[in-house]
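# A closer look at the structure
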Amino acid sequence: MRNCNILLCALAVLAVSACADKARISGTVAGVPEKNIIVKQLDVNVYSILDTVKTDAKGAFKYNVKVKKGQPEFVYLFYGNTRIAGLLLEKGEKAVVTADTLGNYSVTGSDGSAKLAEIEKSYNSFMKEIVSESGDNAAMVKTYVDYYRKCVKYVLANQHSLTVIPVLYQRMSDVSPVFSQPTDAILFKNTADTLKTVYPDSRYVKA
């Protein structure tokens, strides 16, 4: 009987530990009552579908994502083919998302996700400005240089945060990365070395 009790306690501890390895996403997507939201996880450089969740009559939803300690996960929400929100989730976080179907969103309850939302907002504004300046090379160069410097400043100030990874890999087109200067290799290396000290088990850092 004693051995049985010990076994049951051990199983209970394992069950609690397994359940604790997660983060919770809840939120509302405007204009999509009782519609499907696709939850995808970034698997280094490709998306893998985790699940599809259905919103209620008010566009609200909830979902739990498996997240291990010290291994934050990049998770993205899609409505059809449109990416409507991006999150960087730590174990135990409870992220609350407010989004629409155009890619405008905000996040509370998750520091990394809130930063990621601001990064994506800044990047989208930059891309719109570049497109609007098409044909005016001087204006495009100035916009690019200003944004590039802003990104470098962010990376240098946040080298302990995984949010620098999507910043470093932003692109203006398939053949035009934002970070394309010869000296950027040093920035990449220093950032990777710093992240290894904080998140040695992260697959994103290893990659």
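Here, the structure is the one placed above.
With that out of the way, let us pick up the sheet that holds strand S3 (residues 46–54). In space, the four strands of this open sheet follow the order S3-S2-S5-S6, with antiparallel pairing throughout. On the outer flanks of this sheet lie S3 and strand S6 (82–89), each paired with one strand and no other. With direction set aside, neighbouring strand axes in the sheet form an average angle of 25°. Note: strand S2 (residues 36–43) against S3, eight bridges, orientation antiparallel. In the sheet register, Val39 faces S3, and the bridge partner there is Asp51.

Another point: the packing of helix H3 (residues 137–157) against helix H5 (residues 184–198). Interaxial distance between H3 and H5 falls to 11 Å at its minimum, and their mutual angle equals 25°. Classed by the angle they form, the pair H3 and H5 counts as roughly parallel. Relative to H5, H3 is oriented so that their crossing is left-handed. Between H3 and H5, the contacting residues are Tyr148, Val152, Val155 and Leu156 on the first element and Asp184, Leu187 and Thr191 on the second. When its residues are assigned to classes, the contact of H3 with H5 shows five nonpolar, one polar and one charged.

What follows concerns the pattern of salt bridges. For side chains of opposite charge, pairing can occur when their charged atoms come near one another. Scanning all chains against the criterion turns up seven salt bridges. Salt-bridge contacts for Arg203 lead to Glu73; the nearest nitrogen and oxygen are separated by 2.6 Å. Of this pair, Arg203 sits in helix H6 (residues 203–206) while Glu73 sits in strand S5 (residues 73–79), placing them 130 residues apart in sequence. Taking relative accessible area as the criterion, Arg203 reaches 27% and is therefore assigned partly exposed. Across the pair Asp111 and Lys115 runs a salt bridge whose closest N-O atoms are separated by 3.9 Å. Pair noted here: Asp111 and Lys115 are both in helix H2 (residues 111–132), with a separation of four residues, about one helical turn. On the basis of relative accessibility, which here comes to 52%, the residue Asp111 falls in the exposed class. A relative accessible area of 27% means that Lys115 is categorised as partly exposed. Here the salt bridges share partners, and the residues they tie into one network are Asp43, Glu73 and Arg203.

Rules and cut-offs
Residues numbered from 1 in each chain as written. Predicted model: local features only at pLDDT ≥ 70, side-chain atom pairs only at ≥ 80, totals over all residues. Heavy atoms only, no water. Pairing = 2+ DSSP bridges. Helix = DSSP H or I, 4+ residues; strand = E, 2+ residues; numbered from the N terminus. Axes fitted to C-alpha atoms, helices over the stretch in contact; angles between N-to-C directions. Parallel < 35°, antiparallel > 145°, perpendicular 65-115°, else oblique. Left-handed = near helix turned anticlockwise from the far one by under 90°. Contact = heavy atoms within 4.5 Å. Nonpolar A, V, L, I, M, F, W, Y, C, P; charged D, E, K, R; others polar. Salt bridge = Lys/Arg side-chain N within 4 Å of Asp/Glu carboxyl O. Buried < 20%, exposed > 50% of the residue type's maximum accessible area, 1.4 Å probe, protein only.

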